[in-house]
Amino acid sequence: MDTDLLSIANARRCADAAWEAFLKFRVYNPSDIDNIVEQMALAIEPEAFRLAELAVEETGYGNVPDKRIKNLFNSLSIAEWLRDIKTLNLLWRDDVAKIAAFGEPMGVVAALIPVTNPTSTVIYKTLSAVKAGNAIVCAPHPRGVKSGALTAQILTQAAERAGAPKNLVQCLDTVTLNGTDELMRHRRTSVVLATGGSAMVKAAYSSGKPTLAVGAGNVPCYVHASKRDDLAEVAEQVISSKCFDYGTACVSEQAIVVDRSISRELKAEMKLKGAYFCSNQETERLAKAIFPRGNMIDPDRVGQSPATLASLADIELPPRTRVLVGEQTEVGWQAPLSAEKLNPALAWYEARSEDQGMQIATDIARFGGWGHTGVVHCDNPDVVARFSQTVPVNRVIVNSPALHGAMGFSTALEPSFMLGTGTASGSIVSDNVTALHLINIKRVAYQSRPWREIDEMYGE
């Protein structure tokens, strides 16, 4: 039978079944829902390594130890944060103004799952959707169906053991673009959560359904001269963030912009931490290996190890290399390494002045990462304020790794694996997306002033 037809039928069955489950789930008490979320998170912990192994085996992206950490963060850390969050029933009340707000679920969530994080994103979106009182149907990338489906199965079984209705959590097991499109457009789908490539995000916004989708990230990292005495830590933060899961996170650093007065010292520290600085010829070969068509990354170069990238670019690496660095002077497709690279490769820029550093960081963010995230390593609050006001991003991480800071681990940002990029890049949301984005808020307002006063105020 035609695979597209199978996928479309699969999507219809799942959406209809999810709606029936949602109708049953609507009457659950928040305390019962919290227990279901808790049990799903706990069920992932002993399976985190197995799911990581399957994800790497199936997709060919990233590495097992780091994908295990992603699975645990999106189960245990997300669940811990959700415990203290109110999503349903009374959210707040103001007795003086005589107004109160109540949270209500949206219904059925269609969750698009990226190939780069096929298990951890299922975990994060499922816990968030269920905490908000919704049913969810996950649509994995075709290269991540097995790992996504197994993750959903573990979550489903845990939820049902805790008392959730059958089919509250589902995952498509036959996936094509037409099947995913059918899920997004289905009459029972209430909202779309889209994480993936630009084509999939565009399709989500074209589905006719309310959509929360995120754009690409091209994260600049500006290292200011005020960090001269702390460059070893800066180097370790940058490299640890960029090499995590072989760079599959769009929020990791993509380019380092360093004040020239400290560039030699930072370069030396980065070399000690495992950075390999390519020669000009090696940089050109690396760029061609990652962007063979000049203006588009080769999907087979995503999430690959430094050794693999070096082999493709005919570069001989020293032992224990963690990232490859190519020095650049321009931003744009004439210098492909200035674009987003979902692998352990970094662009390197030296700035003659603070002004130039800000300008390079701004140009990088505008080149494919508008609205996402920027990083500044700086001990001068005035410079941090200027960076925050100048660089067109919605998240500014200060003196912390981009990955750990933006996802809410090393900062007080809401923990999330879906980072909104705002309207400048075509996203309706600029927040770290959480369960609070998956509820409707009903406001109940008593009369707080005599309505007849309108004539006294505005009448003739």
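Look a little higher up for the structure.
Residues numbered from 1 in each chain as written. Predicted model: local features only at pLDDT ≥ 70, side-chain atom pairs only at ≥ 80, totals over all residues. Heavy atoms only, no water.

## So, the packing of aromatic side chains
- As enumerated under the stated definition, the model contains eight aromatic pairs in all.
- Their ring planes at 45° and their centres at 5.5 Å tell us that Trp19 and Phe22 sit as a pair that is tilted. Taken together, the residues span about one helical turn, with Trp19 and Phe22 both in helix H1 (residues 3–25) at a distance of three residues.
- Arranged with centres 4.9 Å apart and planes meeting at 55°, the rings of Phe25 and Tyr28 form a pair that is tilted.
- Classification of Phe25 by relative accessible area gives buried; the value is 1%.
- An aromatic cluster is defined as three or more aromatic residues linked by ring pairs; in this entry it consists of Phe73, Phe409 and Phe417. (Phe/Tyr/Trp six-rings, centres within 6.5 Å; stacked < 30°, edge-to-face > 60°. Helix = DSSP H or I, 4+ residues; strand = E, 2+ residues; numbered from the N terminus. Buried < 20%, exposed > 50% of the residue type's maximum accessible area, 1.4 Å probe, protein only.)

## Comments concerning the packing of helix H9 (residues 231–243) against helix H10 (residues 260–272)
- Running from amino to carboxyl end, H9 crosses H10 at an angle of 55°, the nearest separation of the two axes being 9 Å. Accordingly, the angle class assigned to the pair H9 and H10 is oblique. Classified by chirality, the crossing of H10 by H9 is right-handed. Residues Leu231, Ala232, Val234, Ala235, Val238 and Ile239 of H9 lie in contact with H10, whose contacting residues are Ile262, Glu265, Leu266, Glu269 and Met270.
- Classifying every residue of the contact of H9 with H10 gives nine nonpolar, no polar and two charged. (Axes fitted to C-alpha atoms, helices over the stretch in contact; angles between N-to-C directions. Parallel < 35°, antiparallel > 145°, perpendicular 65-115°, else oblique. Left-handed = near helix turned anticlockwise from the far one by under 90°. Contact = heavy atoms within 4.5 Å. Nonpolar A, V, L, I, M, F, W, Y, C, P; charged D, E, K, R; others polar.)

## Side note on the sheet that holds strand E7 (residues 211–213)
- Read across the open sheet, the five strands follow the order E5-E4-E3-E6-E7; overall the sheet is parallel. Taken across any chain shown, the strands that pair with only one partner, and hence form the sheet edges, are strand E5 (169–171) and E7. Taken over all neighbouring pairs, the strand axes of this sheet differ in orientation by 15° on average, direction set aside.
- Relative to strand E6 (residues 191–194), strand E3 (residues 108–113) is paired through four bridges, and the arrangement is parallel. The residue bridging Leu112 from the neighbouring strand is Ala194, located in E6.
- The sheet contacts of helix H5 (residues 120–131) involve E3, strand E4 (135–140), E5 and E6, and relative to E3 the element is tilted by about 165°. (Pairing = 2+ DSSP bridges.)

## Remarks on the side chain of Thr283
- By the element assignment, Thr283 lies in helix H11 (residues 280–290).
- When residues no more than four places from it in sequence are discounted, the contact partners of Thr283 are Cys278, Gly326, Glu327, Gln328 and Leu337.

## A closer look at the pattern of salt bridges
- The final tally for this structure, using the stated rule, is 19 salt bridges.
- One salt bridge in this structure joins Arg12 and Glu182, with 3.0 Å as the shortest N-O distance. Remark: Glu182 occurs in helix H7 (residues 177–185) and Arg12 occurs in helix H1; sequence separation between them is 170 residues.
- When its relative accessible area of 43% is taken as the criterion, Arg12 is described as partly exposed.
- Of the charged contacts, one joins Glu453 and Arg449 as a salt bridge, the two residues approaching to 3.7 Å between their closest N and O atoms. (Salt bridge = Lys/Arg side-chain N within 4 Å of Asp/Glu carboxyl O.)

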